[in-house]
Amino acid sequence: MNDFLDLSLAEARARLAARDISSTELTKAYLSRIEATANLNAYITITHDQAMLGAAQADARLAKGKGGILEGICIAVKDLFCTNGVQTTAASRMLDGFIPTYESTVTSNLWNAGAVLLGKTNLDEFAMGSSNTTSYYGAVESPWRSTDASDKKRVPGGSSGGSAAAVAARSAIAATGTDTGGSIRQPASFSGIVGIKPTYGRCSRWGIIAFASSLDQAGPMARTVEDAAILLQAMASYDPKDSTSAKTTMPNLLVDINKSVKGMSIGVPIEYRIDSLPEETSKIWDHGIDYLKSEGADIVHISLPHTKYALPTYYIIAPAEASSNLARYDGVRYGLRINEQNITDMYTHTRTEGFGEEVKRRILLGTYVLSSGYYDAYYLKAQKMRNLLRHDFNQAFDKVDAILTPTTLSDAFEIGDNKDDPLKMYLQDVFTVPASLVGLPSISVPVTLSKRGLPIGLQVLGRMFDENSVVRVGRTLERTAEFKAMTTLVNGILKDE
Ligand code: GLN
């Protein structure tokens, strides 16, 4: 049975097309794996019957020699994508039991490509967080344990922590995530998998529960760069229903994926060597630089002078947009309603009980920075800073083809760490928010294990709409780093069962 779980998405796709395996067998193997790893709490909803039905339909199409680019591939979907007839919660009490009557564009694209839904994965409430500990349905546990304190449970990262844990523990072949300030890349780094945040506008936001609309972007999470590229190819499309959707077609991401980086210029930004960067992460970054150099890339030291303002800028803009987006949860039209004698009390109690602490903090922060008297001092200033950050990257990309940085400050922390210190939690996003503010495509690729035996990834950023260079450099890192720890992890879990 485990043979099925060992297949990459690309391999499974080839074997399905050759009728060597069936989607029914593959889906069954994954559904029993989901049961066996239920302790991770990676899934909020498991769509067992729908999965088996979808697999049978895919098998029928494959038997006729038909099918899309994901025909018969069973995947997991972050519970932030609306799925027709399937509970969609954003991991919030506010939407507990909410069943959409429509399908998000990204998931429609996946089903049109032949994919099969295994279930909806856990996340930080409304995708706000870096640890997947704020979910109404409980924290997600990483399948990884450190060698020095193996009794301690680690976070998978967040907010797409359920998707990351599922892919790492092989309870999904791949999964969708969303990334507003790092929620695909940071959990990918913590969980030893690959995650891509595409260029803003590549994947439609229609039907994805909104957090911060000028930053939100969907993307793939998978075990290899190639698998992530295949999934992204199916997710991305121009969509007239999303006014910020880019009117371009995604070029074939597999064309240049194995091409050498010889002759490419790779930028290394000096400002990312921040004081709080642990020596270990700094060294891992240096190894990444060496890998690319040994493959023939030119390494160029670049400056992104406004880097230190990116995090505060993000934590003004993202809460501002969130406070406005979340105003819709008022007990009238969506989800939870706490009945009261008058409408003001109904609003108050619904929002007080429906939202968790972190979401309330963001709404308060956002309302504050948008309020009259503070708007100019905070929100407007943050918008100006966003332009300066864009300018920094434009200048850098005149000189280089891609940029290499760490994804995270360190390896995964323990569940419960940083809980009472929101600022420390926000610091987790220091390397991921710049690409989000500017809209650039970026990838996190696992490269090694830390001294504590936990995975760490490196991040590659590319020019707007140049996902091809991002996956090409990412694939080179993957090949040269030879990150094989995932096999050890999975064998470890399987042995424990
Ligand atoms: N950790 C960041 C935050 O809490 C990013 C979240 C995200 O990308 N959805 O806002």
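Bear in mind that the values here come from a model prediction, so they are computed numbers and not experimental data.

### A short note on the overall build of the protein chain
Step number 1: A count of helices and strands for the protein chain gives 17 helices and eleven strands.
Step number 2: At 21 Å, the protein chain has a C-alpha radius of gyration in line with the 23 Å of a compact globule built from 497 residues.
Step number 3: In terms of principal-axis extent, the alpha carbons of the protein chain reach across some 65 × 55 × 50 Å.
Step number 4: When burial is assessed residue by residue, the protein chain has 61% of its 497 residues classed as buried.
Step number 5: Of the charged side chains in the protein chain, 51 are positive and 55 negative; the average position of the first set lies 3 Å away from that of the second.

### Let's talk about the environment of G288
Step number 1: By the secondary structure assignment, G288 is in helix α9 (residues 279-294).
Step number 2: G288 sits in the buried class, given a relative accessible area of 0%.
Step number 3: Taking the C-alpha atoms as reference, G288 lies 16 Å from S469; in sequence the two are 181 residues apart.
Step number 4: Once you skip the residues sitting within four places of it in the chain, G288 turns out to touch L404, L458 and L477.

### Notes on the pairing of strand β9 (residues 402-406)
Step number 1: Of all five residues making up β9, five are buried, and the element is well covered by its neighbours.
Step number 2: Burial of β9 is two-sided: the residues A402, L404 and P406 facing one way and the residues I403 and T405 facing the other way are all buried.
Step number 3: Two strands pair when backbone bridges link them, and strand β7 (residues 265-269) and β9 are joined in this way by two bridges, in the parallel orientation. The partner of I266 across the bridge, within β9, is A402.
Step number 4: Summarising the sheet, β9 and strand β11 (residues 455-462) pair through five bridges and their orientation is antiparallel. When the sheet's bridge partners are listed, A402 is paired in β11 with G462.

### Digging into the packing of aromatic side chains
Step number 1: Inspection of the entire model under this criterion finds 16 aromatic pairs.
Step number 2: Taking 5.6 Å as the distance between ring centres and 15 degrees as the angle between the ring planes, the aromatic pair formed by Y272 and F431 counts as stacked. Here Y272, found in the loop between β7 and α9, pairs with F431, found in the loop between α14 (422-427) and α15 (433-438); they are 159 residues apart in sequence, far enough to count as distant. Of the two residues examined, Y272 and F431, each falls in the buried class.
Step number 3: Taken together, a centroid distance of 6.3 Å and an interplanar angle of 90 degrees make the contact between Y329 and F355 edge-to-face. Taken together, the residues Y329 in the loop between α10 (310-325) and α11 (343-354) and F355 in the loop between α11 and α12 (357-370) connect sequence positions 26 residues apart.

### Examining the state of the cysteines
Step number 1: Per the stated rule, a full pass over the model turns up zero disulfides.
Step number 2: For C203, which is in no disulfide, the shortest distance to another cysteine sulfur is to C82 and amounts to 16 Å.
Step number 3: C203 gets classed as buried once you look at its relative accessible area, which sits at 1%.

### A short note on the UniProt feature "active site" (unreviewed entry) in the protein chain
Step number 1: Mapped onto the present numbering, the UniProt feature "active site" (unreviewed entry) falls at K78, S159 and S183. Separation in sequence by 106 residues is not matched in space for these annotated residues, since their most distant C-alpha atoms are only 11.1 Å apart.
Step number 2: Mapped onto the elements, K78 comes out in strand β2 (residues 74-78).
Step number 3: A relative accessible area of 0% means that K78 is categorised as buried.
Step number 4: Look past the residues within four positions of K78 in its chain and what remains in contact with it is K120, T121, L123, A127, S159, S160, S163, T176, G177, T178 and S183.
Step number 5: On the secondary structure map, S183 appears in the loop between β4 (174-179) and α7 (185-191).
Step number 6: Here S183 is in contact with K78, A127, G129, G158, S159, S160 and T178, once residues within four sequence places are set aside.

Rules of the game
- Residues numbered from 1 in each chain as written.
- Predicted model: local features only at pLDDT ≥ 70, side-chain atom pairs only at ≥ 80, totals over all residues.
- Heavy atoms only, no water.
- Helix = DSSP H or I, 4+ residues; strand = E, 2+ residues; numbered from the N terminus.
- Rg over C-alpha atoms; globule rule 2.2 N^0.38 Å.
- Buried < 20%, exposed > 50% of the residue type's maximum accessible area, 1.4 Å probe, protein only.
- Lys, Arg positive; Asp, Glu negative; His and termini not counted.
- Charge placed at Lys NZ, Arg CZ, Asp CG, Glu CD.
- Contact = heavy atoms within 4.5 Å.
- Pairing = 2+ DSSP bridges.
- Phe/Tyr/Trp six-rings, centres within 6.5 Å; stacked < 30°, edge-to-face > 60°.
- Disulfide = S-S within 2.5 Å.
- UniProt positions renumbered as here; feature names shortened; annotations may be inferred.

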